[in-house]
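# Coordinate analysis (summary)
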Amino acid sequence: MSHPTIAIVGSGPIGSAYARLLLEGLPDARVVMFEAGPQLTAIPGESVRNIVDPDEKARAREMSQGPQAGAFRETLGLPAGAVVEGMFTARQGTHLIDFGGEGSGHAPTFPAAAAATNVGGQGAHWTCAIPRPSGSERVDFIDDAEWNDLIEVAEGLLHAQSAAFADSPIGAAIRDLLAEEYEGDLPEGVEVGTLPVAGDPQPDGSMRWTGADMVLGPLIDPSSPLSARFELRDLSLVRRVETDRSRATGVVVEDLRTHETSFYAADAVVVAADAFRSPQLLWASGIRPAALGRYLTEHHVVITTVALDGERMSERVTDEQLAAELERRSYNPADPVAAVNRIPFAEPGHPYSLQVMYAETPPFQLDPEHPAAGNKWGYVNMGYGVRKFPRAEDGVSFDDDELDYRGFPNMTIEYALTEREEAEIAEATVLLRKAAGALGPFIAEPRLLPNGSSLHYMGTMRAGAVDDGTSVADPYSHVWGFENLVVGGNALIPTANTMNPTLMSTAIAVRGARALVSELGG
Ligand code: FAD
């Protein structure tokens, strides 16, 4: 096909990966990316964590918060009015699906479910942890050689950095203490290490965290010829994917500035609008495979915060090293994460994933009278990720008779933990106490976060090897039965996993984009 046009719905890391790979692979293609939210930063899709000024950072976060965005509500094309607080406050930069106001979704059993509505999607707010999935976490219909290649390309797109903070003496001391504690307890080949993250280390020792901007790369660099074939339209809400039998013909888009609606014809459509809103858009478009919205999983999180023990730390870190570390950190004081360690998933033996983040300050206001307040060695926030085994009963359903605040069929999320998951959560809590005990006293006891807190929602548009009603997408991310309708994002992950999913979703997107390049190119 000559001069194909591809419409992409959603400007997060996955939509951006598709845009990049399609334009690099198809020399005469054109990509238009539609994003419902506003652009937050001068460089489109940049990580909000890179913004040093605290007021600017707060404003960028508020602009991403959709229906809960206070003064920005009207600029997002939504009616003005009081914003009703939900049961939980969403993480900064995100908004709850079940926010409690008019047009709110219903998620009593998954109350912390949240989304971000802005250029760059959740990828403007993410923590940038990109561990590789392993063992049963991986997709079983892709062979090892191809999978490793997909992961490497995905790591390139995300600017993977496996040695981030490896030179942090505090990070090294934490690894040392954990390694001592777990000695002899971990399966062969599994050890305490640094957590791979997405970003570029800067000469001053700080990080420039990856956002959609870095995935788009040359597409938003005016000096690159690729940029002439790419267009990003913010505040453009895709209301429908139009189809003609087995083909997508384009998208119906509402310009949220003018409220005008128009049809944009395309030779292929990629829907990467997150794990709740992508299936919602397909449903609203009359595309309703049996597995759509079902098999919802996340990884449950048991977390705690400890103050690093002065005696144990001072045996491993000198005062000069601590001072140098704090000096390095002072370049971006608003970015609280300094060194990140982990123990990966391995089965049998350690079917969980531990992440340990060092920060100078606790993640919550600590009473100044607390004995650990102002701890000069800092704190660690640590958590065990525990898997959820996919079941058809867990998922999101859509109601054609009740519309949400955007006018889409409203969502209801049903979700329950089974005995199997409860048992693993209990075991992970015991392990978390052990790991925390090696580092210092608790300032927050281990606790299980409410369902939905991981922000890593998977399974609602699963990819599968065969069209047997348990998947939405084929092994190349095409919706079953459609030649040119592709879906992307964490929703495609069909497995039970314990870790941050964006790397895995990007790898799956690389495979989908390669297939689309060969179809459109040839
Ligand atoms: P998103 O980034 O969610 O982007 C989807 C976009 O689609 C949104 O911008 C949305 O506005 C847009 N959209 C939705 N509907 C429409 C429509 N109808 N028309 C037009 N546009 C639409 N993951 C990790 O792997 N590691 C981490 O450390 C990590 N930490 C996180 C921390 C936080 C605070 C948050 C919020 C997320 C974190 N995540 C992490 C999750 C990670 O950000 C997501 O996995 C990733 O952003 C998913 O990319 P995506 O492109 O599929 O979707």
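In this text the structure is predicted, and so the values were computed from the model without any measurement.

Within the structure, the ligand sits among 38 residues, and Glu35, Gln122, Ala129, Asn490 and Thr502 are positioned closest to it. With respect to the ligand, the backbone of asparagine 118 contributes an N or O atom lying 2.9 Å from an oxygen atom. In the environment of the ligand, an oxygen atom lies 3.5 Å from a nitrogen or oxygen atom belonging to the backbone of glycine 121. Calculation on the ligand without its partners gives an accessible area of 1000 Å², and the protein chains cover 98% of this total. Mapped by element, the contributors of at least two residues to the shell around the ligand are α1 (13-25) and β10 (236-244).

In this structure the tally under the stated criterion is 30 salt bridges. Glutamate 46 is paired through a salt bridge with arginine 208; the nearest N and O atoms lie 2.8 Å apart. In this pair, glutamate 46 is assigned in the loop between β2 (30-34) and α2 (54-63) and arginine 208 in strand β8 (residues 207-209), connecting sequence segments 162 residues apart. Between glutamate 254 and arginine 239 there is a salt bridge, with the nearest N and O atoms lying 2.7 Å from each other. Pair noted here: glutamate 254 is in strand β11 (residues 247-255) and arginine 239 is in strand β10, with a separation of 15 residues, a long-range link. Three or more residues are tied together by salt bridges with common partners; here these are Lys388, Arg391, Glu393, Asp394 and Glu421.

Moving on, we get to the pairing of strand β16 (residues 353-359). The element β16 is extensively covered by neighbouring structure, given that seven of its seven residues are classed as buried. Side-chain alternation along β16 places Ser353, Gln355, Met357 and Ala359 on one buried face and Leu354, Val356 and Tyr358 on a second face that is also buried. Across seven bridges, β16 lies against strand β17 (residues 379-386) in antiparallel orientation. Across the sheet, residue leucine 354 finds its bridge partner in β17, namely tyrosine 384.

With that out of the way, let us pick up the sheet that holds strand β21 (residues 485-487). A sheet is described by the order of its strands in space; here five strands give the open sequence β9-β2-β1-β13-β21, paired in parallel fashion. Two strands bound the open sheet, and with one partner strand each, they are β9 (230-233) and β21. Strand after strand, the sheet turns through a mean of 15° between neighbouring axes, direction not considered. Pairing geometry for strand β13 (residues 268-271) and β21, over three bridges, is parallel. Bridge pairing in β21 places valine 269 opposite leucine 485. Relative to the sheet, α1 contacts β1 (5-9), β2, β9, β13 and β21, its axis offset from that of β2 by approximately 170°.

Here we take up the packing of aromatic side chains. A complete count under the given rule lists eight aromatic pairs for this structure. On the numbers, 5.5 Å between centres and 75° between planes, the contact of phenylalanine 99 with tyrosine 405 is edge-to-face. A residue pair is termed long-range when its members are at least 10 positions apart, and phenylalanine 99 in the loop between β3 (95-96) and β4 (114-115) and tyrosine 405 in the loop between β18 (395-403) and β19 (409-414) qualify at 306 residues. Judged by relative accessible area, tyrosine 405 falls into the partly exposed class, the value being 23%.

Moving on, we get to the packing of helix α3 (residues 144-158) against helix α10 (residues 502-521). Running from N to C, α3 and α10 point in directions that differ by 110°, and their axes come no closer than 8 Å. Taken together, α3 and α10 sit at an angle that is classed as roughly perpendicular. Contacts between α3 and α10 involve Glu146, Trp147, Asp149, Leu150, Ile151, Val153, Ala154, Glu155, Leu157 and Leu158 on the former and, on the latter, Thr502, Leu503, Met504, Thr506, Ala507, Ile508, Val510, Arg511 and Arg514. Of the residues assigned to the contact of α3 with α10, the class counts are 12 nonpolar, two polar and five charged.

Further remarks concern the UniProt feature "domain: Glucose-methanol-choline oxidoreductase C-terminal" (unreviewed entry) in the protein chain. This chain's UniProt record puts "domain: Glucose-methanol-choline oxidoreductase C-terminal" (unreviewed entry) on residues 403-509. Helix makes up 25% of residues 403-509 and strand 16%. Its end C-alpha atoms lie 31 Å apart.

This part covers the UniProt feature "domain: Glucose-methanol-choline oxidoreductase N-terminal" (unreviewed entry) in the protein chain. UniProt annotation of "domain: Glucose-methanol-choline oxidoreductase N-terminal" (unreviewed entry) refers to residues 237-300 when read in the numbering used here. In the segment residues 237-300, helix accounts for 12% and strand for 44%; the C-alpha atoms at its two ends are 31 Å apart.

Each value, and the rule that gives it
Going along each chain's sequence as written, the residues are numbered from 1 onward. Two thresholds apply to this predicted model, a pLDDT of at least 70 for residue-level local features and 80 or more for giving and counting side-chain atom pairs, whereas whole-chain, interface and lining totals are computed over all residues. The side-chain figures draw on all heavy atoms in the structure; neither hydrogens nor water molecules are used. Proximity criterion: a residue is near a molecule or strand once any of its heavy atoms comes within 4 Å of it. For the purposes of these results, a polar contact is taken to be a pair of N or O atoms within 3.5 Å, where, inside protein, one atom must be able to donate a hydrogen and its partner to accept one; residues adjacent in sequence count only when each atom of the pair is a side-chain atom. Methods summary: accessible areas were calculated by the Shrake-Rupley approach with a probe of 1.4 Å, and residue burial reflects only the protein chains presented. Note on conventions: DSSP H or I runs of at least 4 residues are helices, E runs of at least 2 residues are strands, and numbering of each starts at the N terminus. Criterion for a salt bridge: a side-chain nitrogen of Lys or Arg within 4 Å of a carboxyl oxygen of Asp or Glu. Per-residue accessibility, obtained with a 1.4 Å probe over protein chains only, is compared with the maximum for each type, and a residue is labelled buried under 20%, exposed over 50%, and partly exposed between these values. A pair of strands counts as paired when DSSP detects no fewer than two bridges linking them. Here an angle of 0 to 180 degrees is reported between the N-to-C directions of two axes, which are lines fitted to C-alpha atoms, with helices fitted over the stretch in contact. Whether two residues are in contact is decided by their heavy atoms: any pair within 4.5 Å suffices. The rule is short: rings of Phe, Tyr and Trp, with Trp giving its six-membered ring, pair when the centres are within 6.5 Å, and they are stacked under 30 degrees, edge-to-face over 60, tilted in between. Here the word oblique covers every angle except those under 35 degrees (roughly parallel), over 145 (roughly antiparallel) and from 65 to 115 (roughly perpendicular). Each residue receives one of three labels: charged for Asp, Glu, Lys and Arg, nonpolar for Ala, Val, Leu, Ile, Met, Phe, Trp, Tyr, Cys and Pro, and polar for the others, Gly being one of them. UniProt positions are given in the numbering used here, feature names are shortened, and annotations may be inferred rather than shown by experiment.

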